[in-house]
Amino acid sequence: MSRAAGGAAGGAGKVATLSVFMEGTANPMDTITTQIALFDRLCVGTVLPVDGSGQSQANAPGHYKVSFEGCGVTLPVQGTLFATGLREQCAVIKSYVDSFISAGVFVKINFVGLSRGGIGGGYFAQE
């Protein structure tokens, strides 16, 4: 899914591309078990922390990425059974988008999700 945020097309030098990678339920990002982790490794961009602490980085044009392990990795029981954590991950993405917009930077979003990560993409689209 690709989505742009920030109003008009923005100035030529005021564009940020945020690539979001969200793994399936039980998949880590540090080991390539699916194509999502592979795409993450191949994607060149400034890495934004998954805990949302990178707002100060999300304020300038360029290429950025944020990569989430499966919700069953971060919250083994609750994440596996109830997908707990997906909405919180989407809130982190939204906080980065809001930081770019507040800095006057147009944002292009590339979202790549597998299984539960794909559901996370649907949640994010509702934001």
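Residues numbered from 1 in each chain as written. Predicted model: local features only at pLDDT ≥ 70, side-chain atom pairs only at ≥ 80, totals over all residues. Heavy atoms only, no water.

1. Quick word on the nonpolar core
Using the following cut-off: Put simply, a nonpolar core is a bunch of buried Ala, Val, Leu, Ile, Met, Phe, Trp, Tyr and Cys residues held in one set by side-chain atoms that sit within 4.5 Å of each other. We call a residue buried when its accessible area falls under 20% of the maximum for its residue type, exposed when it is over 50%, and partly exposed in between, using a 1.4 Å probe and counting protein chains only. Each helix is a run of H or I in the DSSP string that is no shorter than four residues. Each strand is a run of E no shorter than two, and both are numbered from the N terminus. Residues are treated as being in contact if the distance between any of their heavy atoms lies within 4.5 Å.
One finds Leu18, Val20, Val66 and Ile93 to be the most contacted residues of the largest nonpolar core, which totals 23 residues. Looking at this core, the elements with two or more residues in it are β2 (15–22), β4 (62–68), α4 (86–102) and β5 (106–113). Ignoring anything within four residues of it in the chain, the contact list for isoleucine 93 reads Leu18, Val20, Met22, Val66, Phe68, Phe111 and Phe124. Counting five residues, the second largest nonpolar core, distinct from the first, contains Phe21, Ile36, Ala37 and Cys43.

2. Regarding the side chain of aspartate 40
By the secondary structure assignment, aspartate 40 is in helix α1 (residues 35–42). Excluding residues within four positions of it along the chain, aspartate 40 makes contact with Phe21, Met29, Lys65 and Ser67.

3. Comments concerning the pattern of salt bridges
The condition that has to hold: For salt bridges, the criterion is a side-chain nitrogen of Lys or Arg within 4 Å of an Asp or Glu carboxyl oxygen.
Counted under the stated rule, the structure contains two salt bridges. Between lysine 65 and aspartate 40 there is a salt bridge whose closest N-O contact spans 3.4 Å. Highlighted residues: lysine 65 in strand β4 and aspartate 40 in helix α1, separated in sequence by 25 residues. Aspartate 40 carries the same exposure label as lysine 65, and that label is buried. Note that aspartate 98 is salt-bridged to lysine 94, the shortest N-O span being 3.0 Å. Taken together, the residues aspartate 98 and lysine 94, both in helix α4 and four residues apart, mark about one turn of the helix. In this structure aspartate 98 comes out as partly exposed when scored by relative accessible area, which is 33%.

4. Examining the pairing of β4
Where we set the bar: For two strands to be treated as a pair, DSSP must find no fewer than two bridges joining them.
Counted residue by residue, β4 has five buried out of seven residues, so it is predominantly covered. Here β2 runs beside β4; their pairing, made up of seven bridges, is parallel. The residue bridging threonine 17 from the neighbouring strand is histidine 63, located in β4. Pairing of strand β3 (residues 46–47) with β4 involves two bridges; the strand directions are parallel.

5. What to know about the environment of serine 19
Tracing the chain through its elements places serine 19 in strand β2. The exposure class assigned to serine 19 is buried, which follows from its relative accessible area of 10%. Between the C-alpha atom of serine 19 and that of glycine 72, which follows or precedes it by 53 residues, the distance is 22 Å.

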